[in-house]
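# Descriptive structure summary
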Amino acid sequence: MSISLSQLLRNYPHSIHGSGDPVITDVIYDSRKAKAGCLFFCMPGARSDGHTYAPAVYAAGCRAFVVERVLDLPDDAVQVVVPASRAALAALSAVFYGEPAKKLTLIGVGGTKGKTTTALLIHGILCKCGIDSAYIGSNGVFYQDKHLETVNTTPESRELHRMFREMLDAGVTHVVMEVSSLAPATHRIDGLTFDTVLFTNLGRDHISPTEHATFEDYRDAKRRLYTEFGAKNIIWNADDNHGLYMVQDAKNARLLSYSLRNQAVFCGSELSPYRDETSLGIDFTLEHEGVRTAIRLRTPGAFSIYNGMAAIAACTCYGVSIADCAAALRTISINGRFEIVDAVPGATFLIDYAHNGLSLTNALRELRAYEPKRLICLFGTVGGRTQERRKELAEAASQYADYSIITSDNPDFESSDAIIADVVSHMSADALYTTVADREEAIRLAVRIAETGDIVLLAGKGHETYQLIEGKKVPFSERAIVLDEAAKLSESLVTL
């Protein structure tokens, strides 16, 4: 793609320092990607200021800069002076990539918890029902047969518009996005119009000197998604204490509520855990406009029902019937979120991102409700992190698991054996466990020892597709290892 600088800036307020009208072949804000033809955005950040990298970017061949103050650069450098470089990045990236977002149906999922699962459920239902959908969020980017990694829950605006362009060119029509609380404040979603937005719930999170100063700041940053981005449909959790506050000032939007306890447009009831040969989850009845539909989700817990109801409500906005949603949900598992791996008949294997004491405790408690013969927990903890987390993980496994396999989890530059020894030092005296430093061997052991009625939780890695070892990301798939060892086990039984 290429466009003259004057064309790119045609409708954006700015002033120019310097002369010339270079052809722009890329828009960047990472100085390491600088080359001739780039327009470099000098953006102030929490740790560094992009303006300080301008001389190095110039040396790499770049001659066009977006700045918040005029810099001391050679005369042939064109400086575009704007009030806020981040805001300019959003607006000018959209123009550079041909404003693809205007031709896509955008669905934004906000809230504290449940964003990833809800967004991926919507994406999964739409795809299974013939609507070419994409997903952008904590689990990366999914569309058609592509899977890309992302750094942030909501990527920078330049990345968003680049992906929108690629998705649109590939035939995608709908994009489901997780929208973080920082996305509006950092201009990542400036200029976007969301067709549908969802509110899952609100809790205390991301409150720190570098994120949100107070809970109220965090809450109101979240609220902007529902009041400032032109949504036609707003789907909200009527059981959350902050739900009404979040959506009540939305203008010209259709409000669709969902609830397990209150009057709502979508109501869930008759909750019942289920477990079959290799999977587990929860059944419930969804009532909408007087029609009751049985829904089965392949994840446990009442929180799963909230995610499921929100996803169904969103999909009905695009002509998908509740019956079709129900059929799709019976087969959808979410990567790394109580992800079921159908591997060993009679035993249930789940992969989950539970990586601290609270999340592991909650996960094991949920699985206890299914009365397993044994609840086996495979877990580790990352290198170079707080010792308190190791203590909390050990206490959770000691209290709620029948048997633990303690192994590695992104040890990085710390010895796996040392990390495991630290965890073991906090295990209770009566806890049953073994230690296997190599995580792949630990997983293979879990498959070999699983018996009929067991539930095996592989905790900590979740959706991650790598192990971080000595600064390098080594490809790693827990699902693939489980399935491979199960296949070997099956072959050995046939041979016998």
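Worth saying up front: this structure is predicted, and the values here are computed from it rather than measured. (Residues numbered from 1 in each chain as written. Predicted model: local features only at pLDDT ≥ 70, side-chain atom pairs only at ≥ 80, totals over all residues. Heavy atoms only, no water.)

Let us now look at the overall build of the chain. For the chain, the count of helices and strands is 15 helices and 26 strands. The C-alpha radius of gyration computed for the chain amounts to 25 Å, which stays within 12% of the reference 23 Å derived for 496 residues, consistent with globular compactness. Here the C-alpha coordinates of the chain stretch approximately 80 × 60 × 45 Å along the principal axes. Classification of the 496 residues of the chain by burial places 54% in the buried group. For the chain, long-range pairs separated by at least 24 residues make up 64% of all intrachain contacts whose partners lie at least 6 apart in sequence. Accessible surface for the chain amounts to roughly 21300 Å². Of this, 50% is attributable to carbon and sulfur atoms. (Helix = DSSP H or I, 4+ residues; strand = E, 2+ residues; numbered from the N terminus. Rg over C-alpha atoms; globule rule 2.2 N^0.38 Å. Buried < 20%, exposed > 50% of the residue type's maximum accessible area, 1.4 Å probe, protein only. Contact = heavy atoms within 4.5 Å. Areas by Shrake-Rupley, 256 points an atom, 1.4 Å probe, with all protein chains shown as cover.)

Attention now goes to the packing of aromatic side chains. Per the stated rule, a full pass over the model turns up 7 aromatic pairs. Pairing Phe-40 with Phe-65 gives two aromatic rings, centres 6.4 Å apart and planes at 80 degrees, and the pair type is edge-to-face. In this pair, Phe-40 is assigned in strand 5 (residues 38-41) and Phe-65 in strand 6 (residues 64-67), connecting sequence segments 25 residues apart. Judged on exposure class, the residue Phe-40 and its partner Phe-65 are both buried. Each ring, one from Phe-194 and one from Phe-229, has its centre 6.1 Å from the other, and the planes form 80 degrees; the classification is edge-to-face. Taken together, the residues span a long stretch of sequence, with Phe-194 in the loop between helix 6 (182-185) and strand 13 (196-199) and Phe-229 in the loop between helix 7 (215-227) and strand 14 (233-237) at a distance of 35 residues. Considered together, Phe-194 and Phe-229 belong to a single accessibility category, that of buried residues. (Phe/Tyr/Trp six-rings, centres within 6.5 Å; stacked < 30°, edge-to-face > 60°.)

Side chains that carry opposite charge are capable of pairing whenever their charged atoms lie near each other. Tallied over the full model, the rule gives 33 salt bridges. With a shortest N-O distance of 3.5 Å, Lys-232 and Asp-195 are connected by a salt bridge. Placement of the pair is Lys-232 in the loop between helix 7 and strand 14 and Asp-195 in the loop between helix 6 and strand 13, with a sequence separation of 37 residues. For Lys-232, a relative accessible area of 54% puts it in the exposed group. The buried category is assigned to Asp-195, whose relative accessible area is 15%. (Salt bridge = Lys/Arg side-chain N within 4 Å of Asp/Glu carboxyl O.)

Residue Gln-144 is not a glycine yet carries a positive backbone phi of 50 degrees. Inspection of the secondary structure puts Gln-144 in the loop between strand 10 (140-143) and strand 11 (146-148). Of the residues examined, Gln-144 reaches a relative accessible area of 42% and is grouped as partly exposed. Unlike most non-glycine residues, Glu-470 shows phi in positive territory, near 50 degrees. Mapped onto the fold, Glu-470 is located in the loop between strand 25 (466-469) and strand 26 (472-475). The exposure class assigned to Glu-470 is exposed, which follows from its relative accessible area of 56%.

This part takes up the sheet that holds strand 7 (residues 78-81). Strand order in this open sheet of 5 strands is 2-7-6-5-4, and the pairing throughout is mixed. Each edge of the open sheet carries a strand with a single partner, namely strand 2 (15-17) and strand 4 (26-28). Each adjacent strand pair in this sheet contributes to an overall mean axis angle of 25 degrees, direction not counted. Alignment of strand 5 against strand 6, held across 3 bridges, turns out to be parallel. (Pairing = 2+ DSSP bridges. Axes fitted to C-alpha atoms, helices over the stretch in contact; angles between N-to-C directions.)

Within the largest apolar cluster, 68 residues are counted, with the highest numbers of intra-cluster contacts made by Ile-122, Ile-125, Ile-295, Leu-360 and Phe-379. Looking at this core, the element that brings in the most residues is helix 9 (residues 302-316), giving 9 residues. Here Phe-379 is in contact with Leu-393, Ala-394, Ala-397, Ser-404, Ile-405, Ile-406, Thr-407, Val-423, Met-427, Arg-439 and Ala-459, once residues within four sequence places are set aside. If you look at the next biggest cluster of nonpolar residues, it comprises 35 residues, including Met-167, Phe-194, Leu-202 and Phe-215. (Core = buried A, V, L, I, M, F, W, Y, C linked by side-chain atoms within 4.5 Å.)

A few words now on helix 14 (residues 439-449). Along helix 14, the positions that sit buried rather than exposed are Arg-439, Ala-442, Ile-443, Arg-444, Ala-446 and Val-447. If you check the start of helix 14, you find a side-chain oxygen 2.9 Å away from the backbone N of Glu-440, and it comes from Asp-438. (Polar contact = N/O pair within 3.5 Å; in protein donor to acceptor, adjacent residues only side chain to side chain.)

Where helix 9 contacts helix 10 (residues 322-329), the two axes come as close as 10 Å, and the packing angle between them is 135 degrees. As far as their axial angle goes, helix 10 and helix 9 are oblique. For the pair helix 9 and helix 10, the sense of crossing is right-handed. Between helix 9, through Ile-312, Cys-315 and Thr-316, and helix 10, the contact on the second element is made entirely by Ile-322, Cys-325 and Leu-329. The residue inventory of the contact of helix 9 with helix 10, partitioned by class, reads 5 nonpolar, 1 polar and no charged. (Parallel < 35°, antiparallel > 145°, perpendicular 65-115°, else oblique. Left-handed = near helix turned anticlockwise from the far one by under 90°. Nonpolar A, V, L, I, M, F, W, Y, C, P; charged D, E, K, R; others polar.)

For Glu-68, the location among the structural elements is in the loop between strand 6 and strand 7. On a C-alpha basis, the gap between Glu-68 and Val-81 in space is 5.5 Å, while along the polypeptide they are 13 residues apart. Apart from residues lying up to four places away in sequence, Glu-68 is in contact with Pro-44, His-51, Val-81, Val-82, Pro-83, Ala-84 and Ser-85. From its side chain, Glu-68 meets the backbone nitrogen of Ser-85 in a polar contact 2.9 Å long.

A few words on the pairing of strand 22 (residues 403-406). Sheet topology places strand 21 (residues 375-379) next to strand 22; 4 bridges connect them, and they run parallel. From the neighbouring strand, Cys-377 faces strand 22, where its bridge partner is Ser-404. Where the polypeptide runs from strand 21 across helix 12 (residues 387-400) and back to strand 22, its parallel neighbour, the crossover connection is right-handed. Summarising the sheet, strand 22 and strand 23 (residues 433-435) pair through 3 bridges and their orientation is parallel. (Right-handed = clockwise from strand over helix to strand, strands pointing away.)

Where strand 25 meets strand 26, 4 bridges bridge the pair, whose relative direction is antiparallel. Paired with Ile-469 across the bridge in strand 26 is Lys-472. Hairpin connection from strand 25 to strand 26: 2 residues lie between these consecutive antiparallel strands, with Glu-470 at a positive phi of about 50 degrees.

Without other data, these values stay purely geometric and don't point to any function.
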